[in-house]
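# Coordinates in review
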Amino acid sequence: MGIYYYFNSFGMIWVVMLSLLVLFVLLWFLTRSGTTKRKAVKVSLCLAGFAAVLVAAGFVLLSDYEEPSRVNITPLQQLGDELLPDYETRQASLEETRFFVSKGRGVYNYEFTYYDRPSAEMTVYVLQSPEEAYDNLLYLPDVREEKIERLSGTVLLYRGDSRMRRDSRGFMFEDLSRRVETYFIIGSTLFSLRETGDAEKIGDTSGEILAMLSETVFTREE
């Protein structure tokens, strides 16, 4: 992973600029002497090399390097066919924590930030029916219908692959971070959980959030 310390979203620009500089110097040096035919061959080789460098650099610098999600979904698997208790009432406990951001009409926003593991954002949509929740799930970024898993009669899950983060504000270390999305439906409530952070720990925070929700919001009161 060490090589990625030097690459960010501007990396490709620097590669192009340096490659052009080297190309011009080589063309000037190689075309100083020789016949017209030999000069043409040298120019062609230089241009081919320049194109090869750009293709290789683009593959390395612009790839997202997708990896399967490592989010622990056990809390969702253990829910079975239970319907989610009234979310708007049960989530009141979250409003008393530092994670709560805002709420609107049927929409709730949370931010989970830590100093020692990736941060995460969660948006919850309380909808009218499971069908409406499913339709909204299909509108979320990068969701592919064939990858949606049915964990039970009332719980659906979409686990997105983790991707390298490409942030123009970062210079070196940002390229070592990853982003992973976990979307799930319980009954008619849609959850959008998005985590960004250290590539080695990506998925840890989402798993902790699912466990926390299972112990509080998802658990029925006796």
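Above this text is the structure in question.
Our subject in this report is the structure included herewith.

The rules behind these values
Residues numbered from 1 in each chain as written. Predicted model: local features only at pLDDT ≥ 70, side-chain atom pairs only at ≥ 80, totals over all residues. Heavy atoms only, no water. Core = buried A, V, L, I, M, F, W, Y, C linked by side-chain atoms within 4.5 Å. Buried < 20%, exposed > 50% of the residue type's maximum accessible area, 1.4 Å probe, protein only. Helix = DSSP H or I, 4+ residues; strand = E, 2+ residues; numbered from the N terminus. Contact = heavy atoms within 4.5 Å. Pairing = 2+ DSSP bridges. Salt bridge = Lys/Arg side-chain N within 4 Å of Asp/Glu carboxyl O.

## Focus on the nonpolar core
Counting residues in hydrophobic clusters, the biggest one holds 27 residues, and the most contacted among them are Tyr87, Met122, Ile186, Phe191 and Phe218. Where this core is concerned, the elements lending two or more residues are strand E2 (107-112), strand E3 (119-126), strand E5 (155-159), strand E7 (177-186), strand E8 (189-198) and helix H7 (204-215). When neighbours within four sequence positions are excluded, Met122 is seen to be in contact with Tyr108, Asn109, Tyr110, Phe112, Phe191, Ser192, Leu193, Arg194, Ile209 and Leu213. Core analysis: the second largest hydrophobic core is formed by 11 residues, Leu140, Ile148, Tyr183 and Leu190 among them.

## Some points on the pairing of strand E1 (residues 100-103)
Here E1 pairs with E2 via 3 bridges, running antiparallel. When the sheet's bridge partners are listed, Lys103 is paired in E2 with Tyr108.

## As for the pattern of salt bridges
Under the defined criterion, the tally for this structure stands at 11 salt bridges. We note a salt bridge from Arg194 to Glu121, for which the minimum N-O separation is 3.4 Å. Of this pair, Arg194 sits in strand E8 while Glu121 sits in strand E3, placing them 73 residues apart in sequence. One salt bridge in this structure joins Lys147 and Asp161, with 3.6 Å as the shortest N-O distance. On the criterion of sequence distance, the pair formed by Lys147 in the loop between helix H6 (130-139) and strand E4 (149-150) and Asp161 in the loop between E5 and strand E6 (163-164) is long-range, its members being 14 residues apart. Of the residues examined, Lys147 reaches a relative accessible area of 24% and is grouped as partly exposed.

## Considering the environment of Lys39
For Lys39, the position within the fold is in helix H2 (residues 36-62). Separated by 12 residues in sequence, Lys39 and Leu27 have C-alpha atoms that sit 8.9 Å apart.

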